[in-house]
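# Structural overview
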Amino acid sequence: MTKTRMTTDAVRVRPDIAEMEPYTPILPFEVLSERLGRPAEQIIKLDANENPYGPSPKALKAMAELGRTASIYPDPESRKLRAMLADYVQVDASHILVGAGADELIDLTMRLFVVPGDAIINCSPSFGMYPFDAALCGARLMSIPRRADFSLDVDAIEEAAQENDVKLLFLCSPNNPSGNLISPAELERLLALPLVVVLDEAYIEFSGVESTAQIVPQTPNLIVLRTFSKWAGLAGLRVGYGIFPLSLMGHLWKIKQPYNLNVAADAAARASLADLPALIANVERIINERDRLLPELEAIPYLRPYPSRSNFILCKVVGMEAFWLKTQLEDRGILVRYYKTPRLSDHIRISVGKPEQSDVLLAALRANSY
Ligand SMILES: *Cc1c(COP(=O)(O)O)cnc(C)c1O
């Protein structure tokens, strides 16, 4: 065989990646503001469930004071943060792994269990990262549709779980985008299945119910994922964590990138936990605003909002195209989430902002003629 220089055609990526649909990237905020011809401060951003009150001032201060620490690699075991998290979630630190957002923990969990050809169960509609990471791992996606009210079809999940090579069941409570909770009875039934349950609690702080994290040490097939992105306003810094059974932790330590949590994110997360009363007060403000907003949205003739235990409200749009409504709002500088998927293409999801932002939104919705 003669050695030949590679041509572009000869350079072949993994076939499954070559066949993947390209990802539609989310436009950066500055690009959007330019496109809408409005300064960023004037845009009412209710499309990504971000915290309208921003981070704790103490988190900002901690990052400003990093100094020389910024030039030194972080502690690969994030010991200080994990010790504080142990207090916050009431589970021993040996069960806790932190990462660059809950997104990284979803990816790590998938890599830990899935070899190409294995299956995962997703209860659609739910968070888009589960199918995304499943595809990257070559997992077969078993999509079990939720019922009309977005509750879980537990019977159908039980049936799907009987198939071969089903490794993981992804659950989200409160569910993104529908805002509803999974009941303890449903969870108990699902934990009896021969698979590992990944319970995503990204929005648990807004729900008024206790986290399930505390039962992880006694439950070998339960993983609970949480994040600082929503309640603590650190979405841009990427800090999430998972609570895992001890039997999995040793393996997770082997596969995680050593410096997955950067020093700024680590400092901000610790300062946030040291400023809990202020951040919980913001969470209360968001909950109050959600509960004020719901009946106001119900009174809009073309909206059918679903009750929510989270920091967003999903609304069915009737008598007009949801996409058209989304663009109408966008023209007024208000961003809401629109979905292209068949089940949700006649819905929008509205993140709960500050009261004055809701007022602008409501005025725009009322003025919108159809
Ligand atoms: C926002 C969100 C996450 C992602 O959290 P990060 O910590 O920002 O990666 C995880 N799960 C759900 C359901 C979310 O909505």
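What counts and what doesn't
Residues numbered from 1 in each chain as written. Predicted model: local features only at pLDDT ≥ 70, side-chain atom pairs only at ≥ 80, totals over all residues. Heavy atoms only, no water. Pairing = 2+ DSSP bridges. Helix = DSSP H or I, 4+ residues; strand = E, 2+ residues; numbered from the N terminus. Axes fitted to C-alpha atoms, helices over the stretch in contact; angles between N-to-C directions. Contact = heavy atoms within 4.5 Å. Parallel < 35°, antiparallel > 145°, perpendicular 65-115°, else oblique. Nonpolar A, V, L, I, M, F, W, Y, C, P; charged D, E, K, R; others polar. Domains from an automatic or database assignment. Buried area = accessible area lost by both parts, 1.4 Å probe. Salt bridge = Lys/Arg side-chain N within 4 Å of Asp/Glu carboxyl O. Polar contact = N/O pair within 3.5 Å; in protein donor to acceptor, adjacent residues only side chain to side chain.

## Brief notes about the sheet that holds strand β5 (residues 166-172)
If you trace the seven strands from one edge of the open sheet to the other, you get β2-β8-β7-β6-β5-β3-β4, paired in mixed fashion. Looking at the sheet topology across the chains shown, the edges are occupied by β2 (96-99) and β4 (140-143). Each strand of the sheet is rotated relative to its neighbour by a mean of 20°, with strand direction disregarded. Of the strands in this sheet, β2, β7 (222-227) and β8 (240-243) are in contact with helix α4 (residues 79-89), which crosses β2 at around 120°. On top of the sheet, helix α6 (residues 129-136) reaches β3 (119-122), β4, β5 and β6 (196-200); it is set at about 170° to β3, its chief contact.

## A look at the packing of helix α5 (residues 101-113) against helix α9 (residues 246-255)
Where α5 contacts α9, the axes come no closer than 10 Å and their chain directions differ by 105°. Viewed along their axes, α5 and α9 adopt a mutual orientation that is roughly perpendicular. On the side of α5, the interface is formed by Leu108, Arg111, Leu112 and Phe113, while α9 contributes Leu248, His251, Leu252 and Ile255. When its residues are assigned to classes, the contact of α5 with α9 shows six nonpolar, one polar and one charged.

## So, the domain arrangement of the protein chain
The domain architecture assigned to the protein chain consists of domain 1 (8-53 + 277-365) and domain 2 (65-275). Put simply, the middle of domain 1 and the middle of domain 2, counted by C-alpha atoms, are 23 Å apart. Overall, the association of domain 1 and domain 2 removes approximately 2,300 Å² of surface from exposure, summing both partners, and the carbon and sulfur fraction of that is 62%. Summed over the three residues of domain 1 that lose the most area to domain 2, namely Leu279, Arg309 and Arg343, the buried surface amounts to 29% of that side. Connecting domain 1 to domain 2 are zero salt bridges. On the surface where domain 1 and domain 2 come into contact, there are 12 residue pairs in polar contact (both at pLDDT 80 or more). Among the elements that take part in the side of domain 1 that touches domain 2, helix α11 (residues 276-298) stands out by supplying seven residues, more than any other. Tallied by class, residues from the side of domain 1 that touches domain 2 come to 15 nonpolar, six polar and seven charged.

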